[in-house]
Structure formats: structure tokens, C-alpha cells
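A look at the structure
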Amino acid sequence: MVASANDIKVLPAELKVTHPAHCFSQFIQFFGHQVFVLWKFSLLGKRILFFSPPPIGVVCYRVYCCCCLASHSMHRLLSSAGVKPHFYINIADIDNLESEMSYIACTTEKIFETKTHLYDVYVDNQIVTTPSDSLKDLLKISDADRDKFQKLNNQRNQEQFLREQIGDETLDEEDVFTSFFMEQNNRLFQTLLDVSLSQDRQLMSDHMKSMGLDPIGDRAFLMELVETYGIDVMLMVDNPCCPN
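What you see is a predicted model; the values in this text were computed from it and never measured.

**Quick notes on a nonpolar patch on the surface**
Judged by side-chain polarity, M204, M234 and M236 come together as a nonpolar surface patch covering roughly 240 Å² of accessible area. A residue is classified by how much of its surface remains accessible, and M204, at 35% relative accessible area, is partly exposed.

Right, here's the structure in full:
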């Protein structure tokens, strides 16, 4: 299911962010369930380009938040080098970008939209697109994405409530945000590695559910993920001939 108007809460374009720690709740509200579309692309190490007309400040913070989506503590066990942020790029950077295999960046120059060989994912305001046919399925929001989004909001609200109970109303948004995705990503990779070390290496629907993934809706993402990180598992979830 592609994002609908109900999935996105529109915020004013001129909304100011004065410190990176304040940008996380706005990032979540701005992209809604699409946060987990960006999460998948970030974990896959795709080239993600955010566009915005000047001023660029708020979008630089979106680059920062998007990088945090891929946080995990299992770098020793995984083959990927991680996500490389470029907080601002312009046409002078084109030659360098042509050799980049993975990055998250922002620009104010609309001409980049036409240079589809330079990016895998293009984000214009709240519209997330990809020029790659093989990645288009990853733009769809799965039921599991909606569940994770609810859990993320619940975790934030719970932390806020606990802070207020002890008389401290200052919530560390960055800590809540990164802790959620760190736990999510560690659980995902640990499950995949455990299955890869099992005798049959078979990844079943229950494994996908335990990782917070939809056995059907997230199949394409998972297949790309295990290939990206070189994790040897056999996906045993049926691929329906007529998916919704």
C-alpha cells in the first residue's frame, strides 16, 4: 500500500530547528509512516538525496536523522561499511558523487532530480521516489511498518510521561529515536545471523515477524538486505502470485 494522505502529517515548510536534538520528533511527524520506507533504504546503504529550496538548514537535519535510522552495534559481524552523510551538495560535487556507492545528502539544486544516475532515492518535501524499478516495491508501506511507527510513538510518549513523573520535562529526543532504531536493527541482524548459522538456514514467516517485518510486504526488502550484507539464509516465505 502506497502512502496516503493519512500517513503524512504536513508541517510548515519554514519550520525552524535550532538544534539537532529537536529535529527528531519533527522528522517523525513530517514523514509519518514513510520513516520506515527511509529506514529500509538507509539500512540497504542506498544513495538518498533530499531536495529542498533554500534555506537548507531543516533538510540538513533530515539527513542527520536519516543516518540515525541505520544505527546498530553489529559492525564487526556485518560486511557493509555503513551510511556516509553529505550534509550539502551542489553541481560542483557531481564528479565525486558518480563514484559514491552509498550516501545520504541534501541539495537546493533542482537539476539533480534529472540526474537519476547519481541517486537511488529522491526525496522532495514528503514525496519519496526512486528511478530504479527494482526498488519501487520498497516505497510501499507494510502493515509491519505501521506497527513499528505506533511502537515508536508509544515509546516516545512513555519516556515523556516518565520524565514528567520525576519533574523533568526535558526529553532527549535523539536518545529515544536512536535507541528505538538501534534495538530494531540489532534484533533484525541478530536474527538473520542466528538463522545463517543454523543447520538448515531457513528463514520462516515467524522469523520475519520477530524482526518486525511483514512476511509478504517486506519480502523484497529482506531479499535485498541479505544480499547487501552477505548473510546466507534461505527465505522460505511464499511469494504470492497476486499480492495486494
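There is more to say after this.
**Description of the pairing of strand β1 (residues 47-51)**
Counting buried residues in β1 gives five out of five residues, a clear majority hidden from the surface. Burial of the side chains of β1 extends over both faces: R47, L49 and F51 are buried on one face and I48 and F50 on the other. Sheet analysis places β1 next to strand β3 (residues 103-107), joined by five bridges and oriented parallel. Paired with F50 across the strands is C106, a residue of β3. When β1 meets strand β4 (residues 121-124), the two strands line up parallel, connected through four bridges. Bridging from a neighbouring strand, L49 pairs with Y122 of β4.

**Things to note about the nonpolar core**
For soluble globular proteins, the rule of thumb is that nonpolar side chains tend to be buried together. With 59 residues, the main nonpolar core has F50, L188 and L225 as its most contacted residues. Excluding residues within four positions of it along the chain, L225 makes contact with L43, L44, L188, F189 and L192. Ranked by size, the runner-up nonpolar core spans eleven residues in total, among them L49, I94, L97 and Y103.

**Structural notes on the pattern of salt bridges**
Counting across every chain of the model gives ten salt bridges. In this structure, E224 engages K46 in a salt bridge whose closest nitrogen and oxygen atoms are separated by 2.7 Å. Taken together, the residues span a long stretch of sequence, with E224 in helix α8 (residues 219-229) and K46 in the loop between α2 (35-43) and β1 at a distance of 178 residues. Taking the shortest distance from any N to any O, the salt bridge between K110 and D124 comes out at 2.7 Å. With K110 in the loop between β3 and β4 and D124 in strand β4, the pair connects residues that are 14 residues apart, well separated along the chain. Given the relative accessible area of 22%, D124 is considered partly exposed. One continuous salt-bridge network, built from bridges that share partners, spans K40, D145, K148 and D218.

Cut-offs applied
- Residues numbered from 1 in each chain as written.
- Predicted model: local features only at pLDDT ≥ 70, side-chain atom pairs only at ≥ 80, totals over all residues.
- Heavy atoms only, no water.
- Patch = residues over 30% accessible without salt bridge, like charges linked within 9 Å, V, L, I, M, F, W, Y side chains within 5 Å.
- Areas by Shrake-Rupley, 256 points an atom, 1.4 Å probe, with all protein chains shown as cover.
- Salt bridge = Lys/Arg side-chain N within 4 Å of Asp/Glu carboxyl O.
- Buried < 20%, exposed > 50% of the residue type's maximum accessible area, 1.4 Å probe, protein only.
- Helix = DSSP H or I, 4+ residues; strand = E, 2+ residues; numbered from the N terminus.
- Pairing = 2+ DSSP bridges.
- Core = buried A, V, L, I, M, F, W, Y, C linked by side-chain atoms within 4.5 Å.
- Contact = heavy atoms within 4.5 Å.

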